[in-house]
Amino acid sequence: MTQTDKNISLFLKATGIEQPSELLPQIQSFFQDASPDKHIIFKRSILYFYDKDKIINSLPFNSDENNVFTFDGTKVARLKPDFYTGGATSVVVGAAALNEFNINFSNNNNNNNNNNNGNNNG
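In what follows, the accompanying structure is described. (Residues numbered from 1 in each chain as written. Predicted model: local features only at pLDDT ≥ 70, side-chain atom pairs only at ≥ 80, totals over all residues. Heavy atoms only, no water.)

1. Observations regarding helix α1 (residues 3-15)
1) Next: The end-to-end C-alpha distance of α1, which contains 13 residues, comes to 19 Å, matching closely the 18 Å that a straight helix rising 1.5 Å per residue would cover.
2) Next: Residues of α1 that are buried include every one of D5, N7, I8, F11, L12 and T15, and no others. Down the axis of α1, the sector holding all buried residues measures 160°, keeping them to one side. Opposite the buried face of α1, at more than 90 degrees from it, the exposed residues are Q3 and K13.
3) Next: Tucked inside the fold, the buried residues of α1 contact α2 (24-30), β1 (38-43), β2 (46-51), β4 (68-71) and β5 (76-79).
4) Next: G16 sits one or two positions beyond α1 and adopts a positive phi of about 80°. (Helix = DSSP H or I, 4+ residues; strand = E, 2+ residues; numbered from the N terminus. Expected span 1.5 Å × (residues − 1). Buried < 20%, exposed > 50% of the residue type's maximum accessible area, 1.4 Å probe, protein only. Arc of directions from axis to C-beta. Contact = heavy atoms within 4.5 Å.)

2. Examining the side chain of D5
1) Next: Within the fold, D5 resides in helix α1.
2) Next: In this structure D5 is buried but unpaired, with K6 as the nearest side chain of opposite charge at 9.4 Å.
3) Next: Beyond its immediate chain neighbours, meaning those up to four positions away, D5 contacts L24 and Q28. (Lys, Arg positive; Asp, Glu negative; His and termini not counted. Salt bridge = Lys/Arg side-chain N within 4 Å of Asp/Glu carboxyl O.)

3. Section: the packing of aromatic side chains
Both the distance between ring centres and the angle between the ring planes are used here to describe each pair of aromatic rings.
1) Next: Per the stated rule, a full pass over the model turns up 5 aromatic pairs.
2) Next: Note on F30 and F31: the rings are 4.9 Å apart at their centroids and 75° apart in plane angle, and the pair reads as edge-to-face.
3) Next: Residue class for F30 comes out buried when judged on its relative accessible area of 8%.
4) Next: Where Y48 meets Y50, the ring centres are 6.5 Å apart and the plane angle is 50°; that geometry is what we call tilted.
5) Next: Y50 sits in the buried class, given a relative accessible area of 18%.
6) Next: Pairwise contacts between aromatic rings join F11, F30, F31, F49 and F71 into one cluster.
7) Next: Positioned above the aromatic ring of F30, the side-chain terminus of K38 is 5.0 Å from the ring centre. (Phe/Tyr/Trp six-rings, centres within 6.5 Å; stacked < 30°, edge-to-face > 60°. Lys NZ or Arg CZ within 6 Å of the ring centre and 35° of its normal.)

Next comes the structure, spelled out in structure tokens:
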């Protein structure tokens, strides 16, 4: 079994898709040209095959998995469902993730609000 096959198996196992062996050849074929623009997203029990920003195929499955999974042929990532809907959790997770890369966050918006609301100390 190649590393790509192992990655595909990991992705399918994470999504909870039953009978993943039937999908293995289809996913292998999808990633055969190793295009950096191809990826698969599993969301709401549907497997979406993307080439750049276009869905080129989708397959429905029975799964109780609520998380969203992405797979680019190499990496498997799990996202919380509200990542795509802009929920509060995605903002917190996004900020925490950016903070891991030592990106400094500015509090200018809060300072501007204080100035506009007359909360100055002078």
